Amino acid sequence: MYRFLTTARGQLIALLILVGAAQFPLVMSPDRFSFAGDVDWTLGYLEMVRRSVLEFFEFPFWGAWNHGGVPLFANPQITIFGLEFPCLLLFGTWYGWRVAIYLYMLFGTAGMFLFLRGCTRNPAACFWGAAIFGMSSCIALHSMVGHPGMTCITFLPWLLYFEQRINRGARYAVGLGIFTGLMFNQSLHYLTLVNCAVMAVLGLELSWRFRRQLRYWLLVTLAVCVAAALSGYRVMQTLDYLASFPREMEELLSIPAGTLIAGLIRPFVPITTPVVRSGRLGLQWHEIGSYVGILAVGFFLFSLVRERRWYHWGALIAVVLILDSTSKFLPGYWLRQIPPFTSFFVITRWRFLLVFFLATGAAVGLARCLRQFPKYRKILLMVPILSCAAMAANLWHIYLANGEWMSEKSLLASYRQMPLQPRLVTVVAPEISYYVATRKNLDNLIGYEAVQGYFHHSHFACLPAGHPEYRGEFYSWSGAAELTGWSPNRIDFQTPVPDRVRINQNPGNGWRNERGELLFPEYREFEEAKPFFVDVPAGSGFFYYLPRRHEAGLLLTFCALGAGLLLWSYLRSGECSRRRSK
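Computed from a predicted model, the values in this text were never measured in an experiment.

S.K.: Is there a simple way to think about the overall build of the protein in this case?
M.R.: Looking only at helices and strands, the protein has 20 helices and 15 strands in total. On C-alpha atoms alone, the protein measures out to a radius of gyration of 26 Å, which is about the 25 Å that the 2.2 N^0.38 rule sets for 582 residues. With respect to the three principal axes, the spread of C-alpha positions in the protein is 90 × 60 × 55 Å. A burial count over the protein gives 58% of its 582 residues as buried. When contacts within the protein are restricted to residue pairs at least 6 apart in sequence, long-range pairs at least 24 apart make up 73% of them. In the protein, the 52 positive side-chain charges and the 35 negative ones have mean positions that sit 19 Å from each other.

What follows is the structure, given as structure tokens:
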């Protein structure tokens with residue numbers, strides 16, 4: 001066993017067992033979850049994904065159960081091509097989302113361990129640095145309040161690992177393209193921008209170093225093609241969605257330095273602890289908590305003693321960006337003026353990047369101490385043990401001592417009087433949760449839609465059940481047309497004479513008739529204030545939803561795939577020729 005633990009594989013397995021045990025409370029009880037914050041909203045959207053696939057056998061393009069009907073696949077915070085999707089199908093929405101977050105944590109920890117092996121050869125240091133990354137409180141706190149996009153940071157070590165080695169061969173370029181594509185498919189949110197910013201800085205340095213090597217540029221092109229083949233379709237649809245709803249946040253924020261330090265070294269803080277208030281918005285502990293412990297911070301500072309490396313400068317920049325976006329003398333203010341960072345109100349998201357740099361520096365600092373002070377090796381090796389124990393205890397506190405835990409059965413039972421509907425019925429009921437509304441086959445008309453910002457007030461053209469003019473989710477002006485089939489993406493009907501029909505959902509620029517023609521090409525992705533009227537000819541017909549950039553997205557995917565295959569073949573043949581010549 002000892003010999004096995006001295007190998008990289010054994011150390012990685014031990015690391016995953018440790019992090020898996022520390023994160024275990026997240027998945028230890030399948031029938032309950034905290035309903036603090038945005039958990040309800042997230043579960044409602046993921047339930048729309050699950051129902052679309054399992055009950056209607058359709059790709060989840062359109063979410064018919066929230067806000068009068070909104071794009072689902074194009075939503076930047078909803079994952080279809082990622083770990084979330086198979087977990088939803090296998091374990092259900094309530095439990096599957098947590099299993100997916102759990103797997104992302106293990107995935108990120110493994111990537112950090114692999115990445116750190118390129119920063120230091122000391123196995124204990126690599127182990128500790130990866131444990132810091134996998135057991136810091138950032139993702140745990142946001143998971144408890146329902147922010148799935150924060151798991152995007154787990155891609156960063158994998159991305160940097162492959163990007164640093166891209167000039168070594170085509171397999172590293174393909175690896176970089178695959179993980180970049182997976183990241184874009186997982187989320188196009190704050191931390192996607194953070195990861196891309198780090199990759200861009202490293203890419204500039206590599207491009208300058210290898211600027212005269214044609215092979216390097218071909219490998220970069222290969223990585224871009226692979227990423228575009230995997231995620232170009234998703235990126236195109238989401239960017240089209242965000243073009244309609246850019247969500248520009250005007251609020252600027254300043255965080256006291258002491259608060260940031262407390263977030264790094266203070267454990268066992270309740271999630272609801274107030275942190276800072278900006279206008280109408282107040283931040284709680286989950287927006288600043290990033291516990292790594294005073295030992296990790298201390299060894300990071302020790303790594304600064306003799307040399308300044310890229311992760312030191314990265315930590316400094318992250319701190320500056322976290323602390324202030326109000327002063328015109330600091331970069332945080334000017335960065336907020338550049339699209340898409342204009343949506344970046346919660347500047348504390350940069351602390352995920354700070355934790356990555358701290359973990360890297362702490363690992364290097366420990367390795368240096370072990371090298372410089374061999375007499376104290378046993379004492380120094382107690383540092384990772386104590387640090388990991390403290391981080392694990394803090395995680396268990398977050399998962400078990402914060403927020404109100406509620407069972408799914410109890411939640412659904414509280415709405416037992418609400419009947420299941422044969423098809424969608426629009427309701428105005430603020431007391432009905434998003435998740436319950438979707439499970440009960442109801443469109444929660446007042447449902448919050450994040451892309452419109454925090455304080456958007458909608459004026460719906462949809463009619464709730466009980467309204468004097470409500471005549472169903474589908475009805476005709478003359479009474480001739482009849483609904484013959486309903487699903488989230490498609491509405492079938494028949495009429496003996498030409499008629500005008502109304503669909504009690506939001507119209508959008510992706511809705512089409514049976515000939516594939518766009519019904520509302522001049523509309524945004526959805527228009528809650530405009531009625532969904534369509535004039536139909538006699539006979540059977542249908543409307544269906546397909547993103548207006550669908551054909552362009554497919555073209556991009558196939559072109560990128562073809563170009564990537566050609567480049568792969570060319571580069572691999574060149575590598576094989578070089579190996580034979582040796």
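After that view, the rundown keeps rolling.
S.K.: Help me understand the sheet that holds strand 14 (residues 532-536) in this model?
M.R.: Think of a sheet as strands paired side by side through backbone hydrogen bonds, with each pair either parallel or antiparallel. Spatial ordering of the open sheet is given by 9-12-14, a layout of 3 strands whose pairing is antiparallel. In the strand order of this sheet, the two ends are held by strand 9 (474-476) and strand 14, each with one partner. Between one strand axis and the next, the sheet turns by 25° as a mean value, whatever way the strands run. Pairing between strand 9 and strand 12 (residues 499-503): 3 bridges, direction antiparallel. Looking across to strand 12, one finds that Y475 is bridged to R502.

S.K.: Quick question: what am I supposed to make of the side chain of E163 here?
M.R.: Relative to the helices and strands, E163 resides in helix 8 (residues 156-164). This buried residue, E163, is left without a salt bridge; R165 holds the nearest opposite charge, at 10 Å.

S.K.: I tried to follow the side chain of S487 on my own but got confused; where do I start?
M.R.: Here S487 lies in strand 10 (residues 482-487). Here E58 takes part through its side chain, which lies 2.4 Å from a polar atom of the side chain of S487.

S.K.: Where do I start with unusual backbone geometry in this structure?
M.R.: Trans peptide bonds make up most of the peptide bonds, and negative phi angles are found at most residues other than glycine. Cis rather than trans, the peptide bond between P339 and P340 has omega equal to 5°. Within the secondary structure, P340 sits in the loop between helix 15 (331-335) and helix 16 (351-372). Despite not being glycine, H67 shows a phi value in the positive range, around 60°. Despite not being glycine, N441 shows a phi value in the positive range, around 65°. Note that N441 resides in the loop between helix 19 (434-439) and strand 8 (442-444).

S.K.: Before we go on, may I ask you to explain the sheet that holds strand 10 in this structure?
M.R.: In spatial order, the strands read 10-11-15-13; together these 4 strands make up an open sheet with antiparallel pairing. One side of each edge strand has no neighbouring strand; the edge strands of this open sheet are strand 10 and strand 13 (511-513). The sheet shows a mean angle of 20° between the axes of neighbouring strands, direction not considered. Sheet topology note: the strand 10/strand 11 (residues 490-495) ladder contains 5 bridges and is antiparallel. In the sheet register, S487 faces strand 11, and the bridge partner there is R490.

S.K.: Would you mind going over the packing of aromatic side chains with me for this structure?
M.R.: What the rule picks out here adds up to 47 aromatic pairs. Both rings, one in F107 and one in F155, keep their centres 5.1 Å apart while their planes meet at 65°; by these two values the pair is edge-to-face. Here F107, found in helix 5 (residues 93-116), pairs with F155, found in the loop between helix 7 (138-144) and helix 8; they are 48 residues apart in sequence, far enough to count as distant. Members of the aromatic cluster, connected to one another through ring pairs, are W62, F474, F493, W511, F520, Y523, F532, F543 and Y545. Just above the ring of F542 sits the side chain of R490; from NZ or CZ to the centre is 3.7 Å. The ring of Y523 carries the charged tip of K530 above its face, separated from the ring centre by 4.5 Å.

S.K.: How do you make sense of helix 5 when you look at a structure like this?
M.R.: Residues separated by three or four positions in an α-helix point in the same direction, a consequence of the helix having 3.6 residues per turn. The terminal C-alpha atoms of helix 5 lie 35 Å apart, and with 24 residues this matches the ideal 34 Å at 1.5 Å per residue to within 8%. Burial runs high along helix 5: 22 of the 24 residues are buried.

S.K.: Whenever I open this one, the confidence of the model for the protein confuses me. Can you help?
M.R.: Low pLDDT means the predicted coordinates in that region are not meant to be read closely. Chain-level statistics for the protein give a pLDDT mean of 91 and a share of 97% at 70 or above. When mean pLDDT is taken per element in the protein, helix 8 scores highest with 98 and helix 1 (residues 2-5) scores lowest with 69.

S.K.: Whenever I open this one, the environment of N441 confuses me. Can you help?
M.R.: The class for N441 is buried, based on a relative accessible area of 5%. Put simply, N441 and Q421 are 20 residues apart on the chain and 6.0 Å apart in space, counted from C-alpha to C-alpha.

S.K.: Is there a simple way to think about the packing of helix 6 (residues 123-135) against helix 16 in this case?
M.R.: Geometrically, a packed helix pair is captured by the angle between its two axes and the distance between the axes. Running from N to C, helix 6 and helix 16 point in directions that differ by 160°, and their axes come no closer than 8 Å. Between helix 6 and helix 16, the crossing angle belongs to the class labelled roughly antiparallel. Viewed along their axes, helix 6 and helix 16 form a crossing whose handedness is right-handed. Along its contact with helix 6, which presents A124, A125, W128, G129, I132 and F133, the element helix 16 presents F356, A359, A362, A363, L366 and A367.

Conventions used here
- Residues numbered from 1 in each chain as written.
- Predicted model: local features only at pLDDT ≥ 70, side-chain atom pairs only at ≥ 80, totals over all residues.
- Heavy atoms only, no water.
- Helix = DSSP H or I, 4+ residues; strand = E, 2+ residues; numbered from the N terminus.
- Rg over C-alpha atoms; globule rule 2.2 N^0.38 Å.
- Buried < 20%, exposed > 50% of the residue type's maximum accessible area, 1.4 Å probe, protein only.
- Contact = heavy atoms within 4.5 Å.
- Lys, Arg positive; Asp, Glu negative; His and termini not counted.
- Charge placed at Lys NZ, Arg CZ, Asp CG, Glu CD.
- Pairing = 2+ DSSP bridges.
- Axes fitted to C-alpha atoms, helices over the stretch in contact; angles between N-to-C directions.
- Salt bridge = Lys/Arg side-chain N within 4 Å of Asp/Glu carboxyl O.
- Polar contact = N/O pair within 3.5 Å; in protein donor to acceptor, adjacent residues only side chain to side chain.
- Phe/Tyr/Trp six-rings, centres within 6.5 Å; stacked < 30°, edge-to-face > 60°.
- Lys NZ or Arg CZ within 6 Å of the ring centre and 35° of its normal.
- Expected span 1.5 Å × (residues − 1).
- pLDDT = per-residue confidence, 0-100.
- Parallel < 35°, antiparallel > 145°, perpendicular 65-115°, else oblique.
- Left-handed = near helix turned anticlockwise from the far one by under 90°.

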